[in-house]
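# Tertiary structure, described
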Amino acid sequence: MGVRSGTDYLEGLRKSARDVWVGGERVANVADHRAFAAVARQLAALYDMQQNPLYADRLTGTDPETGERCGISFLEARSVDDIRRRREGMRLWAEASFGLLGRSPDFMNATLLALWESRDFFAQDGGHFAGHLDAYYRFVRENDLFLSHALVTPQNDRTKASHELGDLHLRVTGEVEGGIIMNGARMIATLGPVADEILMYNLPGLKAGDEDHAVIFAIPADAPGLRQICREPYTLDGSRTSFDHPLSTRFEENDALLVFKDVFVPWERIFCYRNVKAAAEMYPRTSIRNHTAYQTNIRALVKMQLATGLAMSVARATGSDTFLHVQQMLGECIGFVEHLKSGLARAEAEAERLASGTWRPALAPLHNLRIMMAKAYPRVIEVLQTIGAGGFMLMPSGADFGVSELADDTGKYYCGVNVSSLDRVRLFKLAWDLAGEAFGQRLVQYERYYAGDPIRNLAGVYLAVDDTDYRRLVDAALALAGDPDGEAQQVECAA
Ligand SMILES: Cc1cc2nc3c(=O)[nH]c(=O)nc-3n(C[C@H](O)[C@H](O)[C@H](O)COP(=O)(O)OP(=O)(O)OC[C@H]3O[C@@H](n4cnc5c(N)ncnc54)[C@H](O)[C@@H]3O)c2cc1C
């Protein structure tokens, strides 16, 4: 098939009879339901961009096997320039949603590519698993499918392993002819309700005894027995206007709990089976972290530029950008943006060539950026809240501008420095959608947690550090002291 159009994607959703629940209602057609239609259209617009001659060369490449065009994020890099081409495609998609769609299709495309590139790793329990992965990657790439994923066990009791929690967490409950049966729950499938397929793997942390939980597999989002229960949407009542909520009326990614009720998974969609060790080793032994962290930081850069740009615009609109402490806060935000740019450049400059001839961006700077974002994005939002202050609470509804009785007031009292009342209201509403509304708070929570628990991630950086250079310098500095009763020594610092 090659690259899909937005219409292909939406038609696919309409044809699919999935078990999705939102606000107490079972949704027959997610593509046109008010909880999902807006984001489904945004995703459709991304697919349309792939067919638009303005962007097609940057968003797609040639599938080496079929000779057809396919999304650039599906294609392995055979050089550092290829990595940079992937970046340009990912940036284009990220800019289309201002970096607010954390799980745009390229995120899971990059994930699947990483697993496919290391398919030999999955052969450890039998070559057939590598073959399954190979076939699945081609199926997804050739049909340009949109994947969601849910790695995390629900927070029922974090002091216990999954196998100690009875029938709560997702696990294999039986083998039948042609496949296995899965039961139990997993969180969080962002955009799961509007995905074509769900790829299931595990966050590191499974324990001995969790074998039934250590299964990597894929199923269609409309697989019989798969239920998705969504969190309360922010736009469900349909009363929100684009003027009042320009971002949340378009870019709200729904999140769902996945509940498996005797879901059949055929063997050909299983890539790892009852193997706790492999489920954990998948992270260090494939390029999954390199490829996903590259995509997410390209997206994060766009989101940080939007949030920082809004903070600057809000400050300029009231003249507060002339105050030293406001300038200092804005400088801090710009610094985060510069860190993102530098880290991406370093990941490319230190890109690694694997034995297979494929290239991947270096992980260390990307991982560091993801961890930084857990603090940097909430800080930028805090700066935006601090600069806009009470002004955010002052803004009237867009509807007030249409009332003739209010026209003198709405046209007068909201003006700012070189900005009309209407434009200042428009700006402050946009900023508050990002910085204050439930939609905006979810985006903060997303940056804190989408890559796992930031506390354990940071501890993991320490636990995995190559401390050679650190020790060398400390040892050299210690040698300066010499013996307690002797002469201080002059030491050369070994290069
Ligand atoms: C908006 C949003 C979208 C998301 N989308 C997706 C998605 O599409 N797919 C997906 O798979 N996941 C998704 N996630 C889930 C994300 O991966 C998890 O939130 C993340 O891994 C943290 O896990 P948790 O939420 O269960 O928190 P927990 O692990 O329960 O942690 C909660 C708190 O308890 C502490 N804690 C818990 N256990 C321990 C422990 N053993 N040792 C020390 N401290 C502990 C943590 O430090 C933290 O402060 C999303 C999350 C958010 C917020």
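Source: prediction; values computed, not measured.

Moving on to the site of the ligand. Looking at the ligand, there are 21 residues lining it, with Leu151, Arg158, Thr190, Tyr446 and Tyr449 nearest. Those elements that provide at least two residues to the shell around the ligand are strand 7 (179-190), helix 15 (438-449) and helix 16 (454-463). Broken down by element, the residue count for the shell around the ligand peaks at 4 residues, all from helix 15. Of the residues belonging to the shell around the ligand, the class tally is 10 nonpolar, 5 polar and 6 charged. For the shell around the ligand, the domains that each give at least three residues are domain 1 (6-284) and domain 2 (287-463).

With that settled, the discussion passes to the nonpolar core. Within soluble globular proteins, side chains that are nonpolar generally end up buried alongside one another. Formed by 128 residues in total, the largest nonpolar core has its most connected members in Ala40, Ile198, Cys272, Ala311, Val314, Val380 and Leu384. The greatest single-element share of this core, amounting to 14 residues, is contributed by helix 9 (residues 288-318). Two domains share this core, each providing at least three of its residues, namely domain 1 (6-284) and domain 2 (287-463). Leave out the neighbours within four places in its chain, and Ala40 touches Leu10, Leu13, Val30, Ala31 and Val194.

Bridge analysis of strand 7 against strand 11 (residues 255-266) gives 9 bridges, and the strand direction is antiparallel. Opposite Gly184, over in strand 11, you have Phe260 as the bridge partner. For strand 10 (residues 226-230) and strand 11, the ladder comprises 5 bridges, and the chain directions are antiparallel. Bridge pairing in strand 11 links Cys230 to Ala256.

What the domain assignment reports for the chain is domain 1 (6-284) and domain 2 (287-463). Computed from C-alpha atoms alone, the centre-to-centre distance between domain 1 and domain 2 is 25 Å. Contacts between the two partners involve 39 residues from domain 1, matched on the other side by 33 residues from domain 2. Contributing elements (two or more residues each) for the side of domain 1 that touches domain 2: helix 4 (80-96), helix 5 (105-117) and helix 8 (276-285). Ranked by residues supplied to the side of domain 1 that touches domain 2, first place goes to helix 4 with 9 residues. Tallied by class, residues from the side of domain 1 that touches domain 2 come to 19 nonpolar, 9 polar and 11 charged.

Below, the discussion takes up the sheet that holds strand 7. Within the open sheet, the 6 strands sit side by side as 2-1-10-11-7-6. Their pairing is mixed. With partners counted over all chains shown, the strands left at the sheet margins are strand 2 (25-27) and strand 6 (171-176), one partner each. This sheet shows a mean twist of 20° between the axes of neighbouring strands, independent of strand direction. Across 3 bridges, strand 1 (residues 19-22) lies against strand 2 in antiparallel orientation. Residue pairing in the sheet places Val22 in a bridge with Glu25 of strand 2.

Once that is clear, we can look at the environment of Met282. In this structure, Met282 sits in helix 8. For the pair Met282 and Arg18, spaced 264 residues apart in the sequence, the C-alpha separation amounts to 30 Å. Residues in contact with Met282, not counting those within four places in the same chain, are Phe121, Tyr201 and Ile288.

For the rest of this paragraph, the subject is the environment of Tyr450. You can see Tyr450 is positioned in the loop between helix 15 and helix 16. Considering only alpha carbons, one finds Tyr450 and Thr190, 260 residues apart in sequence, at a separation of 9.9 Å.

Here we take up the sheet that holds strand 5 (residues 147-149). One open sheet holds the 4 strands; their spatial order is 5-8-9-12, and the pairing between them is mixed. Each edge of the open sheet is held by one strand with a lone partner, namely strand 5 and strand 12 (270-273). Averaged over all neighbouring strand pairs, the angle between strand axes comes to 25°, with direction disregarded. Where strand 9 (residues 215-220) lies against strand 12, 3 bridges are found, and the strand directions are antiparallel.

The residue after Met187, namely Ile188, is reached through a cis peptide bond having omega -25°. Mapping Ile188 onto the fold places it in strand 7. You will see that Leu191, though not glycine, has its phi angle at about 65°, which is positive. Along the polypeptide, Leu191 turns up in the loop between strand 7 and strand 8 (197-200). Taking the C-beta count within 10 Å as the criterion, Leu191 has 26 such neighbours and is therefore assigned buried. Of note in this structure, Asp262 is not a glycine but carries a positive phi near 55°. Within the secondary structure, Asp262 is located in strand 11.

Rules used throughout
- Residues numbered from 1 in each chain as written.
- Predicted model: local features only at pLDDT ≥ 70, side-chain atom pairs only at ≥ 80, totals over all residues.
- Near = placed C-beta within 6 Å.
- Helix = DSSP H or I, 4+ residues; strand = E, 2+ residues; numbered from the N terminus.
- Nonpolar A, V, L, I, M, F, W, Y, C, P; charged D, E, K, R; others polar.
- Domains from an automatic or database assignment.
- Core = buried A, V, L, I, M, F, W, Y, C linked by C-beta atoms within 7 Å.
- Buried ≥ 20, exposed ≤ 12 C-beta atoms within 10 Å, placed from the backbone.
- Contact = placed C-beta atoms within 7 Å.
- Pairing = 2+ DSSP bridges.
- Axes fitted to C-alpha atoms, helices over the stretch in contact; angles between N-to-C directions.

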